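Single-letter residue listing:
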Amino acid sequence: DDLITKIAAGEVVERPASVVKELIENSIDAGASIIEVEIENGGISLIKITDNGHGIEKDDVEIAFLRHTTSKIKNEDDLYNIRTLGFRGEALASICAVSKVEMITKTKDDLTGTKIYIEGGEIIDKIECGAPDGTTIIVKDLFYNTPARLKFLKTPSREAMIVSEIVQSLALSKENISFKYKNNGKIVFATKGDGNLLNAILSLYGRQVKDNLLKIDYEENDIKIEGYIGNNALGKNNRNYQTLFINGRLIKNKTINAAIENVYRSYSTSDKFPFYVVKIIMNPQLIDVNVHPTKAEVKFQNDQEIYRLVYKALQNAFATTAS
Ligand code: ADP
Ligand code: MG
């Protein structure tokens, strides 16, 4: 039983970055306006997330962790199914099965908070304590009880890079939330959370990108296309600085990318890949959700129409500044 829980946890908790993603999404779900993320040793030794969200009611703290992961897993097929279901309600249970977790949480209405300590999925301690409103969760020694998983990880600095990419993309997707991100005690970036995407981009990438950023702001047929595009002033000639969100979800899509890059190339003298952050808001029913959920890819019912709209949005942006 214990073994099965660990195997299942390994399926959903692939690496430090997947823990960070799940925990930040929980903070976002809790309505937080401030989220602090801290990692040490690539997130393997420590992941700490603090939010000012609504917290968890005293009576619900244990329930939040101890969802019946195991009752859903009876064979390998079920294990696969959990992944395809998007493992809703499984994140905390999975994380605490393969690490040492401490959580301190308090709701606004309660005078005191709860501190709970869980090791390898087992509750070791639970006490009432003083705490600020919101939730702090500390994940230590990831995969300490699953050596095979630990071995599979890349170097701490590589794992830290993967975590950074996740935190960056979440900070860009939620420009109204203030993110602070620390790696090995050093602040990597902090965003204001003032609802301004440009400010968030500058907080992440610094002044280098500022001078050549062009604003994208277009709407047609109830499809909104917003964001910024510019020369890649940040380093290598690759697509590392291209961020695309559809309805708030980070995705990759060849059609949209082609539209963006084609317009960019017709206006720019640079032969590098452009830097961009683009957000598309559209009716989810026009998107084919029948793609693998762990691969951040989507299909559109009408690919040509999306290409046309994105192309036009970009052309608009370039034409406006050219005139
Ligand atoms: P899910 O997010 O799919 O419900 P999780 O295992 O990630 O499953 O979390 C379980 C529950 O714990 C959540 O539904 C939520 O009620 C509670 N929870 C987790 N993290 C937080 C948080 N940072 N703030 C408030 N509640 C939280
Ligand atoms: Mg969750």
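Residues numbered from 1 in each chain as written. Chains lettered and ligands numbered in written order. Predicted model: local features only at pLDDT ≥ 70, side-chain atom pairs only at ≥ 80, totals over all residues.

Overview of the packing of helix α2 (residues 16-29) against helix α7 (residues 156-173)
Filter applied, for reference: Each axis is a line fitted through C-alpha atoms, and for a helix only the stretch in contact is used; angles between axes span 0 to 180 degrees, taken between their N-to-C directions. Secondary structure elements follow DSSP: runs of H or I of four or more residues count as helices, runs of E of two or more count as strands, with numbering from the N terminus. Should an angle lie under 35 degrees it is considered roughly parallel, over 145 roughly antiparallel, and from 65 to 115 roughly perpendicular; all remaining angles are considered oblique. What makes a crossing left-handed is the near helix being turned counterclockwise from the far one by less than a right angle; a clockwise turn instead makes it right-handed. Each residue is represented by a C-beta atom placed from its backbone, and any two residues with such atoms within 7 Å are regarded as in contact.
Contact pair α2 / α7: the axes reach a minimum separation of 8 Å and the direction vectors enclose 25°. By the angle between their directions, the pair α2 and α7 is classed as roughly parallel. Considering the relative orientation of α2 and α7, their crossing is right-handed. On α7, the residues that touch Pro16, Ala17, Val20, Lys21 and Ile24 of α2 are Glu159, Ile162, Val163, Ile166, Val167 and Leu170.

A short note on the confidence of the model for the chain
Here is the rule: As a per-residue quantity, pLDDT reports the predictor's confidence and falls between 0 and 100.
Here the chain averages 87 in pLDDT, while 87% of its residues score no lower than 70. Within the model, the stretch residues 69-74 combines pLDDT values under 50 with 15 contacts to residues more than four positions away or in other chains. Throughout residues 78-87 the model reports pLDDT below 50, and contacts reaching past four residues in sequence, or to other chains, amount to 19 contacts. This complex was scored by the predictor with a pTM of 0.88 and an ipTM of 0.99.

Examining the packing of α7 against helix α8 (residues 197-205)
At a minimum axis separation of 9 Å, α7 and α8 run at an interaxial angle of 160°. Here α7 is positioned roughly antiparallel relative to α8, judged by the angle of their axes. Between α7 and α8 lies a crossing whose hand is right-handed. Seen from α7, the contacting residues are Gln168, Ala171 and Leu172; seen from α8, they are Ala200, Ile201 and Leu204.

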